Structures are given as structure tokens and as C-alpha cells.
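# Structural description and commentary
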Amino acid sequence: MLPSLRQLQYLKLLAEHASFSRAAEAAHVSQPALSAGIQELERILGAPVVERTRGAVILTAVGEEAVVRAEDVLARTEDMVEAARNAGRPLTGRFRLGVIPTIAPFLLPATLPGLKAAYPDLRLFIREDLTPRLVTELKAGRLDAAVIALPYDTAGLRHARIGFDEIVAAAPAGHPLAQAETLRPGALDAQDLILLEDGHCLRDQALAAFDLEAPRGDDVFAATSLHTLVQMVGSGLGVSFLPQMAVRAGLADSPGIAVRRIQGRKDGPPSREIVVAWRSGSSRAAEARLLAEALTLD
């Protein structure tokens, strides 16, 4: 015997909610029905998938492995259903798209109107989050595609390019670096930097481009967003990096901020590659490629 999709869904919900009652509510079934489904799954697998303790539900090693495989099976099944419903009609119906915060406010307002005009039957659900969480959601089948920036570890994913986005320096208007038209990488001092907080790939990409290590210490400033970062630079707290798309959108339009291009070490100015990524084997790969074409940077 093989597990049913329903049993795999019960296990996935149980892992997400860590509670039989909440998992049953999410599955729209009674708690006894969900418990019976989990017990039948354990009988088929020949091993327990959860440890039932007072007030807590903990997955066993078998359960954790089963959840990973269940998520893949369920994601592929959802892909199959969606592909069948929209056969011959690309980018119609529901499409779940993730976008990282250093791209979403600058790319989407300029491109979504054209996308909607080209695909009027598309129901786009957008989630803004950091790259690691979007990649996890992609692999678990909870997203159909995500707009992310490379370089980043994309094992298990495929991607199509939207374009390249140059990384520039932003300094207080009175800072010595503001006097130069173009900055050399060696001119940047790690101790003078203020950056986005950990988890933002732009932070790591910019530091890697200049062979810099992030400043350390309890008194290091870290911004939660590009808007906060720009305010900190404008207040004279230090120098930072910005994506060119944010500068074009007017984020750094302030007399207190000087934006300067940076001379690259090898192949021109430092930049990040903006792509639409999707799970390997996804039936919506062709649609993700169409989406990348519709979102292409000028």
C-alpha cells in the first residue's frame, strides 16, 4: 500500500502547526479524522512519524524525512492540477510569486501594469520576503516562482534572467568619498560601512564584490530596509551600497546623499543578476520564463 495524498497533507499540516487540533482545523476535518489518517500513514510506513507528548507534537526522524518528501509530492501534484486547468493558456489563474525586499518596491510598480495588460486572467499573489525563506518556500511548493538576485546558491532551482542591476555607493554629501566621481574598491573602509541586516543577499553580494568583511561589534549599525539605510546615510552615520534600480526610483534623491559608481576589480562595475527562479521539474517553468520576459529590466 502507498500513502494517500490526504495522509501526506495531514502530515504536512501537522508539521506546520505542531498541533493535532490546529492541523485538523487547517485541513477542515475533525481531529479524530486527522489522527486516524496519521495512524494509517504510520501503519503503511511501518514506523511512527510523531511523538505524542502532553501539550506538544514532535516529529520523529522518519516523520521529518516523510515531511520533506510529502511536500515535494504535494507540490508536484498541485503543479499537475494547475497545468491541466490552464493547458494552452499560460499565466492564467493563480500564480504565487515571491520577491525580495530590495527589488519589490522598485521593479513591481513599473512592470505589473504591463503584465496585467498582457495576461488579464492572471491572478498574481505576491509575497515579499528574504531570499533564504523564498527559496525554502519554492522548494516546498508554496511558491510558483520568485524574483531573487544572484549570486546565490540555487541548487534544486532553475532561473531565467530579468537583467543586471549595478551596485553603487552612497555617502553623506560631506564625506571624503563624495568628492570623487568614481570610487575604487580599495577606497571603502569596512569600519565606515552601514549595511542591511543579516539575511539580505544585497549585503553579502556587495561585500563579496569588494572583498570586504562586515564590520563587527555591538555598536555596528544595521538597517532593516533600504529606506532606513538611506536615512542613516543621509544623517551622516556612514557609507553604504544601493542597487541602481532603487536610485533610479528616486530613493536617494536628497541633497544630503551623494551616489557614486564603483570601479570594478575585473568585469566592470559590481552588479547583481536579477532572475525569476522556480523549482526544478515544476510544470510552471514555461510560465516562469514568460514572467521573466514580462518583468525584463530596460
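It should be noted that the structure appears before, not after, this text.
Now for a look at the structure at hand. (Residues numbered from 1 in each chain as written. Predicted model: local features only at pLDDT ≥ 70, side-chain atom pairs only at ≥ 80, totals over all residues. Heavy atoms only, no water.)

## Considerations on the overall build of the chain
Per the secondary structure count, the chain includes 10 helices and 12 strands. Considering only C-alpha atoms, the chain reaches an extent of 70 × 50 × 30 Å along its principal axes. Burial status across the chain gives 48% buried among its 298 residues. Split by element, the accessible area of the chain, about 14900 Å² in all, is 51% carbon and sulfur. (Helix = DSSP H or I, 4+ residues; strand = E, 2+ residues; numbered from the N terminus. Buried < 20%, exposed > 50% of the residue type's maximum accessible area, 1.4 Å probe, protein only. Areas by Shrake-Rupley, 256 points an atom, 1.4 Å probe, with all protein chains shown as cover.)

## Considering the pattern of salt bridges
For the coordinates displayed, the defined rule picks out 16 salt bridges. One salt bridge in this structure joins Arg 142 and Glu 71, with 3.4 Å as the shortest N-O distance. You can see Arg 142 sitting in the loop between α6 (131–139) and β5 (145–150) and its partner Glu 71 sitting in helix α4 (residues 61–85), a full 71 residues away along the chain. Because the salt bridges share partners, they merge into one network encompassing Glu 16, Glu 71, Arg 127, Asp 129, Arg 133, Glu 137 and Arg 142. (Salt bridge = Lys/Arg side-chain N within 4 Å of Asp/Glu carboxyl O.)

## Looking at the side chain of Glu 166
Within the secondary structure layout, Glu 166 lies in strand β6 (residues 157–172). Residue class for Glu 166 comes out buried when judged on its relative accessible area of 16%. When neighbours within four sequence positions are excluded, Glu 166 is seen to be in contact with Leu 242, Pro 243, Gln 244, Arg 261, Pro 269, Pro 270 and Ser 271. (Contact = heavy atoms within 4.5 Å.)

## Observations regarding the pairing of strand β3 (residues 93–99)
Most of β3 sits out of view: 6 of its 7 residues are buried. Here 7 bridges tie β3 to strand β4 (residues 122–128), and the two strands are oriented parallel to one another. What sits directly across from Val 99, in β4, is Glu 128. One crossover worth recording links β3 to the parallel β4 by way of helix α5 (residues 104–118), and it is right-handed. Relative to β5, β3 is paired through 3 bridges, and the arrangement is parallel. Its bridge partner lying in β5, Gly 98 is registered against Ala 146. (Pairing = 2+ DSSP bridges. Right-handed = clockwise from strand over helix to strand, strands pointing away.)

## Here we look at empty space enclosed by the protein
Taken as a whole and assessed by the stated rule, the structure comprises 1 cavity of 30 Å³ or more. The volume enclosed by the largest cavity comes to roughly 50 Å³. Residue lining of the largest cavity: Leu 195, Leu 196, Leu 202, Arg 203, Ala 206, Leu 229, Ser 240 and Phe 241, and that is the complete set. Mapped onto the lining of the largest cavity, the elements with two or more residues apiece are β8 (195–196), α7 (201–209) and β10 (240–243). Top contributing element to the lining of the largest cavity by residue count: α7, with 3 residues. Here the lining of the largest cavity is built from residues that sort into 6 nonpolar, 1 polar and 1 charged. (1 Å grid on protein atoms, 1.4 Å probe; cavity = no way out; pocket = protein on both sides within 12 Å on 5 of 7 lines; lining within 4 Å. Points joined across faces, edges and corners; volume = space filled by probe spheres on them. Nonpolar A, V, L, I, M, F, W, Y, C, P; charged D, E, K, R; others polar.)

## Here's the deal with the nonpolar core
Counting residues in each nonpolar core, the largest one holds 70 residues, and the members touching the most others are Ile 103, Val 147, Ile 162, Leu 226, Phe 241, Leu 242 and Val 276. Not counting residues up to four positions away in its chain, the partners in contact with Ile 162 are Leu 107, Val 147, Ile 274, Val 275, Val 276, Ala 292, Leu 295, Thr 296 and Leu 297. Listed in part, the 19 residues of the second largest apolar core include Tyr 10, Leu 11, Val 50 and Leu 74. (Core = buried A, V, L, I, M, F, W, Y, C linked by side-chain atoms within 4.5 Å.)

## What about the environment of Glu 64?
Note that Glu 64 resides in helix α4. Residues Glu 64 and Leu 11, spaced 53 residues apart in sequence, show a C-alpha to C-alpha distance of 9.6 Å.

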